Amino acid sequence: MVCSVSICAGEIFELKAELNSDKKEKKKEAVKKVIASMTVGKDVSALFPDVVNCMQTDNLELKKLVYLYLMNYAKSQPDMAIMAVNTFVKDCEDANPLIRALAVRTMGCIRVDKITEYLCEPLRKCLKDEDPYVRKTAAVCVAKLHDINAQLVEDQGFLDTLKDLISDSNPMVVANAVAALSEIAESHPNSNLLDLNPQSINKLLTALNECTEWGQIFILDCLANYTPRDDRESQSICERVTPRLSHANSAVVLSAVKVLMKFMEMLPKDLDYYSTLLKKLAPPLVTLLSAEPELQYVALRNINLIVQKRPEILKHEMKVFFVKYNDPIYVKLEKLDIMIRLASQANIAQVLAELKEYATEVDVDFVRKAVRAIGRCAIKVEQSAERCVSTLLDLIQTKVNYVVQEAIVVIKDIFRKYPNKYESVIATLCENLDSLDEPEARAAMIWIVGEYAERIDNADELLESFLEGFHDESTQVQLQLLTAIVKLFLKKPTETQELVQQVLSLATQDSDNPDLRDRGYIYWRLLSTDPVAAKEVVLAEKPLISEETDLIEPTLLEELICHIGTLASVYHKPPSAFVEGSRGVMHKRLPARTGSGESTESPDVGTAAGGSAPEAAPSIIPSQGDLLGDLLNLDMAPPTTSGPPPPTTGMQMGGMDLLGGGLDSLVGISHSMGAGFGAAPAVMPASLNAPVGGGLGDLFDLGGVGMPMGAYIPPKIVWLPAMKAKGLEISGTFARRAGVIQMELILTNKAMSVMTDFAIQFNRNSFGLAPAGPLQVLTPLGPNQTIEVSLPLSTVGPVMKMDPLNNLQVAVKNNIDVFYFSCQYPISMLFVEDGKMERQVFLATWKDIPNDNESQFQIKDCHLNSDAASSKLQGSNIFTIAKRTVEGQDMLYMSIKLSNGIWVLAELRVQAGNSNYTCRDE
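Since the model is a prediction, treat every value here as computed from it, not as a measurement. (Residues numbered from 1 in each chain as written. Predicted model: local features only at pLDDT ≥ 70, side-chain atom pairs only at ≥ 80, totals over all residues. Heavy atoms only, no water.)

**Concerning the overall build of the chain**
Part 1 of the argument: Secondary structure summary: the chain contains 37 helices and 13 strands in total.
Part 2 of the argument: Looking at the chain as a whole, 50% of its 922 residues are labelled buried.
Part 3 of the argument: Sequence separation of at least 24 residues holds for 67% of the intrachain contacts in the chain that already meet a minimum separation of 6.
Part 4 of the argument: Carbon and sulfur atoms provide 50% of the accessible area of the chain, an area that totals close to 43,700 Å². (Helix = DSSP H or I, 4+ residues; strand = E, 2+ residues; numbered from the N terminus. Buried < 20%, exposed > 50% of the residue type's maximum accessible area, 1.4 Å probe, protein only. Contact = heavy atoms within 4.5 Å. Areas by Shrake-Rupley, 256 points an atom, 1.4 Å probe, with all protein chains shown as cover.)

This is how it looks when you write it as structure tokens:
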């Protein structure tokens, strides 16, 4: 975007006079002044007619300046630009080829529909011009014209002419024709413009030796899209492309590597030429690492892909990836990654020595990565595992805090890979327990203690020390601590009853985190109903981890190999992931090896034999009916606070003694184990997947008649902790006021830097909730500052069925990063104000509803009479249609209408003197 700067009338007048001067030099100087003003953003469009008059000249320099002016202002002055058409047409027939090429190039750059139709005839002549410079310029002009008006290009037959230019005698014309066709083909992937055959490939390879470096890149990229008929043709192409590996331009080298990597797929591995080609690929890749850091990084990202596909290419070049002291951090980290991928039994001693040296560097991030790299080497090369563990123990002895913590994290992974092999180091790890302050390290240490609790005499004391500050720990540590203590209990039940009861109580009753709470309830129910099953689940044998978990998925790797030398190979993402507005990005794959029997079709076309079917698309809600079952399953009752829980197979749950009925078989003893756990938690949902609270019981506030009327607003809870969002803490709730759903947020900056540029976005959800406006944070949020924001929501956003139904996935952006969290909105927020149904309609509808659509539950400990309950519920748009009294019970018939038009009919039974209500909804 050019910033327009005003220019005074006097200056315009002077320039106008100079442009109309009879003196050629004065006229040229005037045009230079106009271009200079235009370059700095001044608006000189008023001089358009005067500048266009200067086109009538033989001076090439002046003509170039005028054409530059035209390209800039033609779009804003299309009617005036028509004046220049005759001059363009005339210049396209000039005796000087430079002027002919300049004219057709400029006409292609003027993106004005009115001029386009005048361009066709001059372009046709230039495509068949005797001078190759004009032809190559015209070839590129076809691509530009196609971008403006694709139909016109096809109607005029320019695409066929472009295809003919691939057979041109001049290599630069061939290169530009290939570039133009490739660009057109990218925007129209199904057009099959580049219909390559052995004859055209031969012409391209001939032109490859003679054209410029950018011409070579265009041709090599085109060759990479060709699939040879057999291994002989593949070898022939590789032989003719190989000399490009020694080119001075790194882009040419990477394009050549891309072609060779693709065509090698078709060569038999036992062929002598195959091993020769592997040896030829290594030196050019190594040479790329002697360039400046930015080029090194691009080369390393590409080498990372190549090494994953064919590690044998660089298996003898480990030393070139050793880090230099003056390498930028991004180069260091990439080299480190490649070193691990190339690590083998042959070079592991060399690699470990290097990594141990890196672990003593001053750059903290690099040291952490180096320590993790030692762990990855242990997992990858089994023979080196003992040496790696020894190296990690040496690093722990340095007592450098962040080194110790990273070492503990990677030792946990080594234990996963080699169970019951290196447990002798646990004592050393436990010595450093007090110095652990990072969540990942604390979680790793807790996992180790829980996993090997039977070998650690004071395991219960160690875990109890973590339990003291349970609510201050991160979710990761809390979850790990919960699991570790349950493991300890299953291994030492008689000694840890109080400890497991304490952690289950903390997780289920005192925690706001749904993941932690759900896991706590699952463990509680497992232990209380079937301890043997609990042991099988919690102490199950874990799958071994491998180095392959860190590799790019094979199908994606194949596609990225086909994009070597492009941004996709730097991002390690397919073009479709970051190219916006692409009209059709083709997914490329490497060809199948000859005789391998592999399918050459895209994985999108069908499922290969033995492969899994494609993942089902997310379920979109097409009609109201699909929601009814889920609405009935959504637990509308408050948490159960008393009364016997529902019976289960074999034994009771809920109020029973957790140690009763089955733990004897777990520990293999017949005598009593002691006092037991006592009662089940006070807060126990009716079903494991039911949300705690947020239903009809909450609408009563469990309060008395004196409570203020109006829609129920749940208390604010923390949705996004500061430690997960780089210092930004988000708490919130939902409210409905005057018919508008509000998301009420509290943003707290717990970081040391100022936060600005806030924005919010929702994922598709069950009821189409979406922000009705931007997130209004008008002032920067300084450190330790808090701001309250109310965001109005609409229900006209995109719809997708969520699980649970009232789940909402949110993304919040600020100047630091984008952060994601999910929360659950009360279903009552969706009850609309026009939800009062006519009595006759209610009666007819109630009779027609099938029994399958009915749900019944109790609301406990609510001390309101029927009139007060009716009045309170009306504040949340739950309307009483009728009331009758039967055998001392008041029966209220109510209607609710959701924002998407679904109706819910309910019957509420209230008995005088009984604090429990029965609710039945249809």
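**So, the pairing of strand β6 (residues 786–794)**
In summary, the side chains of a regular strand alternate between the two faces of the sheet.
Part 1 of the argument: Direction of pairing for strand β3 (residues 740–749) relative to β6: antiparallel, over a ladder of eight bridges. Residue pairing for β6: Met-743 is matched across the bridge by Leu-791. (Pairing = 2+ DSSP bridges.)

**Comments concerning the pattern of salt bridges**
Side chains carrying opposite charge are able to pair once their charged atoms draw close together.
Part 1 of the argument: Evaluation of the coordinates by the stated rule reveals 31 salt bridges.
Part 2 of the argument: A salt bridge links Arg-229 to Glu-233; its shortest N-O distance comes to 3.2 Å.
Part 3 of the argument: Assessed through its relative accessible area of 62%, Arg-229 is described here as exposed.
Part 4 of the argument: When its relative accessible area of 11% is taken as the criterion, Glu-233 is described as buried.
Part 5 of the argument: Among the ionic pairs, Lys-309 bridges to Glu-265, the shortest N-O distance being 3.8 Å. One end of the pair, Lys-309, is in helix α18 (residues 293–309); the other, Glu-265, is in the loop between α16 (250–263) and α17 (272–288), with 44 residues separating them in the sequence.
Part 6 of the argument: Here the residues in one salt-bridge network are Arg-368, Arg-372, Glu-406, Glu-438 and Glu-440, joined through shared partners. (Salt bridge = Lys/Arg side-chain N within 4 Å of Asp/Glu carboxyl O.)

**Quick notes on the nonpolar core**
Part 1 of the argument: One finds Tyr-69, Leu-70, Leu-123, Leu-204 and Phe-415 to be the most contacted residues of the largest nonpolar core, which totals 211 residues.
Part 2 of the argument: Per-element tally for this core: the top contributor is helix α27 (residues 475–491), with ten residues.
Part 3 of the argument: Among residues more than four places away in sequence, those in contact with Leu-204 are Ile-166, Val-174, Val-178, Leu-196, Ile-219, Cys-222 and Leu-223.
Part 4 of the argument: In this structure, Leu-775, Leu-793, Phe-819 and Leu-830 belong to the second largest nonpolar core, which totals 48 residues. (Core = buried A, V, L, I, M, F, W, Y, C linked by side-chain atoms within 4.5 Å.)

**Observations concerning the packing of aromatic side chains**
Part 1 of the argument: Summed over all chains, the structure comprises twelve aromatic pairs.
Part 2 of the argument: A ring pair is formed by Tyr-571 and Phe-578, whose centres lie 4.8 Å apart and whose planes are at 90°; its orientation type is edge-to-face.
Part 3 of the argument: Under the relative-accessibility criterion, Phe-578 is labelled partly exposed at 26%.
Part 4 of the argument: Geometrically, the ring pair formed by Trp-719 and Phe-821 is stacked, given 6.0 Å between the ring centres and 20° between the ring planes. With Trp-719 in strand β1 (residues 717–720) and Phe-821 in strand β8 (residues 818–824), this residue pair connects regions lying 102 residues apart in the sequence. (Phe/Tyr/Trp six-rings, centres within 6.5 Å; stacked < 30°, edge-to-face > 60°.)

**Considerations on helix α11 (residues 158–165)**
Part 1 of the argument: Listed as buried for α11 are Phe-158, Leu-159, Thr-161, Leu-162 and Leu-165. Viewed along the axis of α11, the buried residues span an arc of 160°, placing them on a single side of the element.
Part 2 of the argument: Contacts made by the buried residues of α11 are with α8 (113–127), α9 (132–148), α10 (150–155) and α12 (171–187). (Arc of directions from axis to C-beta.)

**Quick notes on unusual backbone geometry**
Part 1 of the argument: With an omega of 0°, the peptide bond between Asp-803 and Pro-804 qualifies as cis.
Part 2 of the argument: Even without glycine at this site, His-572 takes up a positive phi of about 60°.
Part 3 of the argument: With respect to the element layout, His-572 can be found in the loop between α32 (567–571) and α33 (625–633).
Part 4 of the argument: With a relative accessible area of 15%, His-572 lands in the buried category.
Part 5 of the argument: We note that Ala-738 has phi near 50°; this positive angle belongs to a residue other than glycine.
Part 6 of the argument: Turning to its location among the elements, Ala-738 is positioned in the loop between β2 (728–737) and β3.
Part 7 of the argument: Look at Ala-738 and you get exposed, because its relative accessible area is 85%.

**Considering the side chain of Thr-428**
Part 1 of the argument: When you line up the elements, Thr-428 lands in helix α24 (residues 426–431).
Part 2 of the argument: Residue contacts for Thr-428: discarding those within four places in its chain leaves Leu-393, Ile-396 and Gln-397.

**Focus: the pairing of β3**
Part 1 of the argument: Most of β3 sits out of view: nine of its ten residues are buried.
Part 2 of the argument: Connecting β2 to the next strand, β3, in antiparallel fashion are two residues, including Ala-738 with a positive phi near 50°.

**Thoughts on the packing of α27 against helix α30 (residues 531–538)**
Part 1 of the argument: The N-to-C vectors of α27 and α30 enclose an angle of 125°; their axes lie 10 Å apart at closest approach. Judged by the angle between their axes, α27 and α30 are oblique. In this structure, α27 meets α30 at a crossing whose hand is left-handed. Contacts between α27 and α30 involve Val-486, Lys-487 and Leu-490 from the first element and Ala-534, Lys-535 and Val-538 from the second. (Axes fitted to C-alpha atoms, helices over the stretch in contact; angles between N-to-C directions. Parallel < 35°, antiparallel > 145°, perpendicular 65-115°, else oblique. Left-handed = near helix turned anticlockwise from the far one by under 90°.)

**Quick word on helix α22 (residues 385–396)**
Part 1 of the argument: Compared with the 16 Å implied by 1.5 Å per residue over twelve residues, the 16 Å span of α22 between its first and last C-alpha is a close match.
Part 2 of the argument: Of the surrounding elements, those touching the buried residues of α22 are α20 (348–358), α21 (364–380), α23 (401–417) and α24. (Expected span 1.5 Å × (residues − 1).)

**Some thoughts on the confidence of the model for the chain**
Part 1 of the argument: When pLDDT is averaged along the chain, the result is 78; 83% of the residues meet or exceed 70.
Part 2 of the argument: Taken as a whole, residues 1–5 scores under 50 in pLDDT and shows eight contacts with residues more than four places along the chain or in a different chain.
Part 3 of the argument: Low confidence marks residues 595–709, where pLDDT is under 50. Its contacts with residues over four positions away, or in another chain, come to 199 contacts. (pLDDT = per-residue confidence, 0-100.)

**Things to note about the sheet that holds strand β4 (residues 759–762)**
Part 1 of the argument: With antiparallel pairing, three strands are arranged side by side in an open sheet as β4-β7-β8. The open sheet has two free edges, formed respectively by β4 and β8, since each of these has just one partner strand. Each neighbouring strand pair of the sheet contributes to a mean axis angle of 25°, computed without reference to strand direction.
Part 2 of the argument: Here strand β7 (residues 807–813) pairs with β8 via seven bridges, running antiparallel. Its bridge partner being in β8, Gln-809 is matched across the sheet by Ser-822.

**Things to note about a negative patch on the surface**
Part 1 of the argument: A surface patch of like charges, here negative, comprises Glu-461, Glu-464, Glu-468 and Glu-498.
Part 2 of the argument: Note on placement: Glu-468 falls in the loop between α26 (459–467) and α27. (Patch = residues over 30% accessible without salt bridge, like charges linked within 9 Å, V, L, I, M, F, W, Y side chains within 5 Å. Lys, Arg positive; Asp, Glu negative; His and termini not counted. Charge placed at Lys NZ, Arg CZ, Asp CG, Glu CD.)

**Description of the side chain of Glu-406**
Part 1 of the argument: By secondary structure assignment, the location of Glu-406 is in helix α23.
Part 2 of the argument: Within the structure, the side chain of Glu-406 is placed 2.8 Å from the side chain of Arg-368, a separation counted as a polar contact.
Part 3 of the argument: Apart from residues no more than four positions distant in its own chain, Glu-406 is found in contact with Arg-368, Val-371, Arg-372 and Glu-438. (Polar contact = N/O pair within 3.5 Å; in protein donor to acceptor, adjacent residues only side chain to side chain.)

**Some thoughts on the sheet that holds β3**
Part 1 of the argument: Spatial strand order, β1-β2-β3-β6-β5: five strands in an open sheet with antiparallel pairing. Each of the sheet's edge strands pairs with one partner strand only, and the pair in question is β1 and β5 (770–771).
Part 2 of the argument: Pairing of β1 with β2 involves three bridges; the strand directions are antiparallel. Along β2, the bridge assignment pairs Val-718 with Ser-731.

**Looking at the state of the cysteines**
Think of a disulfide as a covalent bridge from one cysteine sulfur atom to another cysteine sulfur atom.
Part 1 of the argument: Under the criterion given, the structure shown has zero disulfides.
Part 2 of the argument: Between Cys-120, a free cysteine, and Cys-141, which holds the nearest cysteine sulfur, the sulfur-to-sulfur gap is 9.7 Å.
Part 3 of the argument: What makes Cys-120 buried here is its relative accessible area of 5%. (Disulfide = S-S within 2.5 Å.)

**A look at the packing of α9 against α12**
Part 1 of the argument: Between α9 and α12, whose axes approach to 8 Å, the crossing angle comes to 5°. Between α9 and α12, the angle falls in the class roughly parallel. Residues Pro-132, Arg-135, Lys-136, Thr-137, Ala-139, Val-140, Val-142, Ala-143 and His-146 of α9 form the contact with α12, whose participating residues are Met-172, Val-173, Asn-176, Ala-177, Ala-180, Ile-184 and Ser-187.
Part 2 of the argument: Class assignment for the residues of the contact of α9 with α12 results in ten nonpolar, four polar and two charged. (Nonpolar A, V, L, I, M, F, W, Y, C, P; charged D, E, K, R; others polar.)

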